[in-house]
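Below are the chains, spelled out letter by letter.
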Amino acid sequence: MAEGLEGVVAAHTILSDVDGVGGHLVIRGYELDQLAERIRFAEAAHLLLDGFFEDLPDIGELDVQLGQARVEAFEYANVVNAIPPGLNAVEAVRALIARIPDGDNLKIALLLLAGVSVFTAAVARARRGMPLISPDPSLDHATDILRMMKGVAPTPEEAAALDTYLVTVCDHGLNASTFAARVTASTLAGLNSAVLTGISTLKGPLHGGAPGPVIEMLDEIGDASNARTWIEQAIDRGDRLMGFGHRIYRVRDPRADALKKAVRILGPHSGRLAHAEAVEAAALEILRERKPDRSLQTNVEFYTALLLEALGFDPDEFTCVFAMGRSLGWIAHAREQVANGRLIRPASIYIGPVPQIAA
Ligand code: CMC
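Let me begin by describing the structure that accompanies this report. (Residues numbered from 1 in each chain as written. Predicted model: local features only at pLDDT ≥ 70, side-chain atom pairs only at ≥ 80, totals over all residues. Heavy atoms only, no water.)

Re the site of the ligand
Now for step 1: Of all residues adjacent to the ligand, which total 22 residues, the nearest are His207, Arg240, Leu241, Phe244 and Arg247.
Now for step 2: Leu241 places a main-chain nitrogen or oxygen 2.8 Å from a nitrogen atom of the ligand.
Now for step 3: For the ligand, the accessible surface in isolation is 940 Å², of which the surrounding protein chains cover 76%.
Now for step 4: Taken together, the residues of the shell around the ligand break down into 10 nonpolar, 5 polar and 7 charged. (Near = heavy atom within 4 Å. Polar contact = N/O pair within 3.5 Å; in protein donor to acceptor, adjacent residues only side chain to side chain. Areas by Shrake-Rupley, 256 points an atom, 1.4 Å probe, with all protein chains shown as cover. Nonpolar A, V, L, I, M, F, W, Y, C, P; charged D, E, K, R; others polar.)

Section: helix H3 (residues 59-76)
Now for step 1: With 18 residues, H3 extends 26 Å between its outermost C-alpha atoms, agreeing within 8% with the 26 Å of an ideal straight helix rising 1.5 Å per residue.
Now for step 2: For H3, the complete set of buried residues consists of Leu62, Asp63, Leu66, Gly67, Ala69, Arg70, Ala73, Phe74 and Tyr76. Axial view of H3: buried residues confined to an arc of 160 degrees, hence all on one face.
Now for step 3: Its buried side turned inward, H3 meets helix H2 (41-49), helix H4 (89-97), helix H5 (106-127) and helix H6 (141-150). (Helix = DSSP H or I, 4+ residues; strand = E, 2+ residues; numbered from the N terminus. Expected span 1.5 Å × (residues − 1). Buried < 20%, exposed > 50% of the residue type's maximum accessible area, 1.4 Å probe, protein only. Arc of directions from axis to C-beta. Contact = heavy atoms within 4.5 Å.)

Some thoughts on the sheet that holds strand S1 (residues 16-19)
Across a sheet, paired strands are connected by hydrogen bonds in the backbone, their directions being either parallel or antiparallel.
Now for step 1: Taken together, the 3 strands give an open sheet; going across it, the order is S1-S2-S3, and neighbouring strands pair in antiparallel fashion. Each end of this open sheet is capped by a strand with a single partner; those strands are S1 and strand S3 (30-31). (Pairing = 2+ DSSP bridges.)

Interpretation in functional terms is not warranted from these geometric data alone.
Listed below in C-alpha cells is the structure:
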C-alpha cells in the first residue's frame, strides 16, 4: 500500500498536469508561465470551466455574470458579524459558504466562486471592525475584491498581482483538497458540498495553511543574519519549514517563481522581499545538508506569504485567498468527476483485532 496514496493514480483529468521532475505545471494545455501575469481570473475561469457547463457564455459575458454573482453572494455575507468570534478567518468564510444552497449548475458555480472572494473580504472587514463594502459588478474581479477588502481602489499593480496569484493557484492536479472535493462530487452531493470539502482540506498547515506560518517564521528570524541558527534549531527540533518541500515537486515549484515575479510587480510595496530571499537561501542550504536524501525546494506557499502580506491581507486570511483561486479548480474537477467518474470508494485492509467468538 502506498502511504499517503503517493504515486497512486486516482483520476484522468484534462484540467492540469504537475510534472514534479521537470518543474512544470500545465493548466488546460498552457504552461503556467503562459498564464500567470497574462490572464485575469475570469479568463482562467473560462479556461477551466469550458466544456463543463452547457450554458457557459463567452469570456466577456462570464465576467459580467461573475460580477452579478458577487452582488448576489454579498447578500449571504450579511450575517458576518454574528459569526462566533472563536472561528478563524477560513472557518468564518467556510461558515458563510455553507449558507449557499447545493446545486450542480453554472449559477451555483459562479455564486460559489464569487462567494469565496466576497466572504473573504467581508470577514477581513468585520474582523477589523470596519463596515462591509458592497461589490461593484462593473469592476474586474480582482480589483473589486481588493476594493471591498481595503475600502479604497487598489492600484493596477495590486489588482494585477492578485490576479496573478489567483490564476497561479487555480488548479494543481490531484492535490489533497481537489481529491477530497472529487470524492464528495462523486457521491453527487453537489458543488457546494465539494467546495466545502475542498476548503476544509485546504486549511491544514501541510496544504494551504502553510503561508501564515511562513510569516511567523520570517518574523521570528528577524534579521537575516539569524536565519541559519533559527532554521538549524527548527530542524533539530524536528519541525518542518513552512513553504518548503512538496509531495510531487523534486525541483523548485514553478508557482514560487510566478509569485516571486508578482511580488516584484508591486515595486516599492513589495514588502520584505530581500529579507525573504536571504531566509530562503539559508533554508535551502540547510535542507540540502540535513535532508540529503530528499530534494526539498521552495514551494508555492513561501512567496504566497510575501505577496498576500504586501497586498494587505493578514496571515490568518491567506488560506481564504488561496481558496478564492483554488475554488475554481474544485468546481471544474467536481464537474469532471460527475461527468466521467464513478463513485470514489477505495478499499482498506483490516488490521484490527480478530472478532471474538461469543462464549
Ligand atoms: N521541512 C523540513 N523537513 C521536511 C520538510 C520541510 N518543509 N518537508 C519534508 N521534510 C522531510 C521530512 O521530515 C522527511 O524527512 P525524514 O525522511 O528525515 O523523516 C522527508 O522530508 C520526507 O517527508 P514526507 O513527509 O514524506 O514528505 P511529504 O511528501 O509527505 O510532504 C509536505 C510534503 C508538503 C507535506 C511537506 O514537504 C511539508 O510538510 N512541508 C511544509 C508545509 C508546507 O509548506 N506545505 C505547503 C505545501 S505546497 C501547497 C500545496 O500544493 O498543497
